[in-house]
Amino acid sequence: MNESWIELEDVHLDRGGRPVLQGMSVSLAGRAIGLVGANGAGKSTLIGALLGVLRHRRGRIRVLGLDVPAHAREVRTRAGVMAEQAGIYPGGSGVDAVTFAGTLSGLPRREALRHAHRVLDALDVGEERYRPAKTYSTGMRQRCKLAMCLVHDPEVLILDEPTVGLDPAGRAQLLALIQSLKEEGRRILLSTHILQDADGLCDDLLLLESGMVSYAGPIEGIVSSAAGTIVAAGAGL
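Only a predicted model underlies this, so the values are computations on that prediction, with no experimental measurement involved.

Here is what the cut-offs are and how they apply
- Residues numbered from 1 in each chain as written.
- Predicted model: local features only at pLDDT ≥ 70, side-chain atom pairs only at ≥ 80, totals over all residues.
- Heavy atoms only, no water.
- Helix = DSSP H or I, 4+ residues; strand = E, 2+ residues; numbered from the N terminus.
- Rg over C-alpha atoms; globule rule 2.2 N^0.38 Å.
- Buried < 20%, exposed > 50% of the residue type's maximum accessible area, 1.4 Å probe, protein only.
- Core = buried A, V, L, I, M, F, W, Y, C linked by side-chain atoms within 4.5 Å.
- Contact = heavy atoms within 4.5 Å.
- Axes fitted to C-alpha atoms, helices over the stretch in contact; angles between N-to-C directions.
- Parallel < 35°, antiparallel > 145°, perpendicular 65-115°, else oblique.
- Left-handed = near helix turned anticlockwise from the far one by under 90°.
- Nonpolar A, V, L, I, M, F, W, Y, C, P; charged D, E, K, R; others polar.
- Pairing = 2+ DSSP bridges.
- Patch = residues over 30% accessible without salt bridge, like charges linked within 9 Å, V, L, I, M, F, W, Y side chains within 5 Å.
- Areas by Shrake-Rupley, 256 points an atom, 1.4 Å probe, with all protein chains shown as cover.
- Salt bridge = Lys/Arg side-chain N within 4 Å of Asp/Glu carboxyl O.

This brings us to the overall build of the chain. Looking only at helices and strands, the chain has 7 helices and 10 strands in total. By the compact-globule yardstick of 18 Å for 237 residues, the chain fits well, its C-alpha radius of gyration being 19 Å. Taken over the C-alpha atoms alone, the chain extends approximately 55 × 55 × 40 Å along its principal axes. Taken across its 237 residues, the chain has 46% of its residues classed as buried.

Have a look at this one:
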């Protein structure tokens, strides 16, 4: 039986004097967890709390069995984070950006460069890696950001809205890449406001509404592919 790797007990967190997370309690053990909710539901705030970047005022948070924020540095070392608003290393190429991320994770530059090429190969990024990152399409930028969070070979991936801005084909490609990372054995937290992105990829679902848990558990409990057939009939149809 899988052990829970994200645990929250009565977590309260305020931002700017306004309550955002309100008494959140949940325990999740799925290999891939979908963090779903409308914009403003508290998804990014929860990610900040799980990483110890934002401090909760009440309650308890454990990630990978470690108390946060007491052991937040170890959690961040073991995690690769793809933030929604994060940019790419300015003024350089894609491989420069991934190498820079590797050095920030503590890798010596030569080793970071070697890791960068290896992860870009795994993500099927060819000669585009040598182009200036500022010329990348949205799809290439997202792929580069994914490489940046993989370069130090983390055991956990925390992906905040990774498919935002992508066309349907690019979205499908990126989700397929994330699926392959799950199959490698990595734990994944996928934050999205699109339930369909979590369907088929995630085992467990955490649905937030106004900073509170609306649903937590197996994704089959809220998404079913065997819901039957709906037939619409009427004039003009």
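The rest of the description comes next.
The next point concerns the nonpolar core. Within the largest apolar cluster, 38 residues are counted, with the highest numbers of intra-cluster contacts made by V98, L146, L159, I178 and I188. Counting residues per element, this core draws most heavily on helix α5 (residues 138-150), which supplies 7 residues. Beyond its immediate sequence surroundings of up to four residues, L146 is in contact with M82, L123, L159, L174, L177 and L181. L8, V26, I61 and L208 belong to the second largest nonpolar core, which has 31 residues in total.

For the pair helix α3 (residues 94-104) and helix α4 (residues 109-122), interaxial distance at closest approach is 8 Å and the crossing angle is 125 degrees. In terms of their interaxial angle, α3 and α4 are classed as oblique. For the crossing formed where α3 meets α4, the hand is right-handed. Judged by residue contacts, V95, V98, T99, G102 and T103 of α3 engage R109, A112, L113, A116, H117, V119 and L120 from α4. Along the lines of polarity and charge, the residues of the contact of α3 with α4 split into 7 nonpolar, 4 polar and 1 charged.

Between α5 and helix α6 (residues 168-183), the least distance of the axes is 11 Å, while the angle of their chain directions is 15 degrees. With respect to α6, the element α5 is oriented roughly parallel. Like other packed secondary-structure pairs, α5 and α6 cross with a definite hand, here right-handed. The residues of α6 that touch α5, namely those facing Q142, R143, L146 and L150, are Q173, L174, L177 and L181. Taken together, the residues of the contact of α5 with α6 sort by class into 5 nonpolar, 2 polar and 1 charged.

Let's shift gears to the pairing of strand β2 (residues 18-28). Alignment of strand β1 (residues 6-15) against β2, held across 7 bridges, turns out to be antiparallel. Of the residues in β2, the one forming a bridge with L13 is L21. Taken together, β1 and the strand that follows it, β2, pair antiparallel across an intervening segment of 2 residues, in which G16 is found at a positive phi of about 60 degrees.

Side chains of Y89, F100 and L104 sit close together on the surface and give an oily, nonpolar patch of about 290 Å² of accessible area. Note on Y89: relative accessible area 33%, which makes it partly exposed.

Turning next to the pairing of β1. Across 5 bridges, β1 lies against strand β4 (residues 58-63) in antiparallel orientation. Within the sheet, the bridge partner assigned to E7 lies in β4 and is R62.

This next bit is on the sheet that holds β2. Strands sit in the order β2-β1-β4-β5 across an open sheet of 4 strands; the sheet is antiparallel. Taken across any chain shown, the strands that pair with only one partner, and hence form the sheet edges, are β2 and β5 (66-68). The mean angle between the axes of side-by-side strands here comes to 30 degrees, regardless of whether they run parallel or antiparallel.

On to the pattern of salt bridges. Per the stated rule, a full pass over the model turns up 13 salt bridges. Where R58 meets D10, a salt bridge forms, and the shortest distance between an N and an O atom there is 3.0 Å. Separated by 48 residues along the polypeptide, R58 in strand β4 and D10 in strand β1 bring together distant segments of the chain. Of the charged contacts in the structure, one is a salt bridge between R78 and E155, with a shortest N-O distance of 2.8 Å. Here E155 lies in the loop between α5 and β7 (156-160) and R78 lies in helix α2 (residues 72-78), a separation of 77 residues in the sequence. Note on R78: relative accessible area 22%, which makes it partly exposed. Residues joined by salt bridges that share partners form a network here, namely E7, R60, R62 and D67.

Any functional reading would require information beyond the geometric quantities listed.
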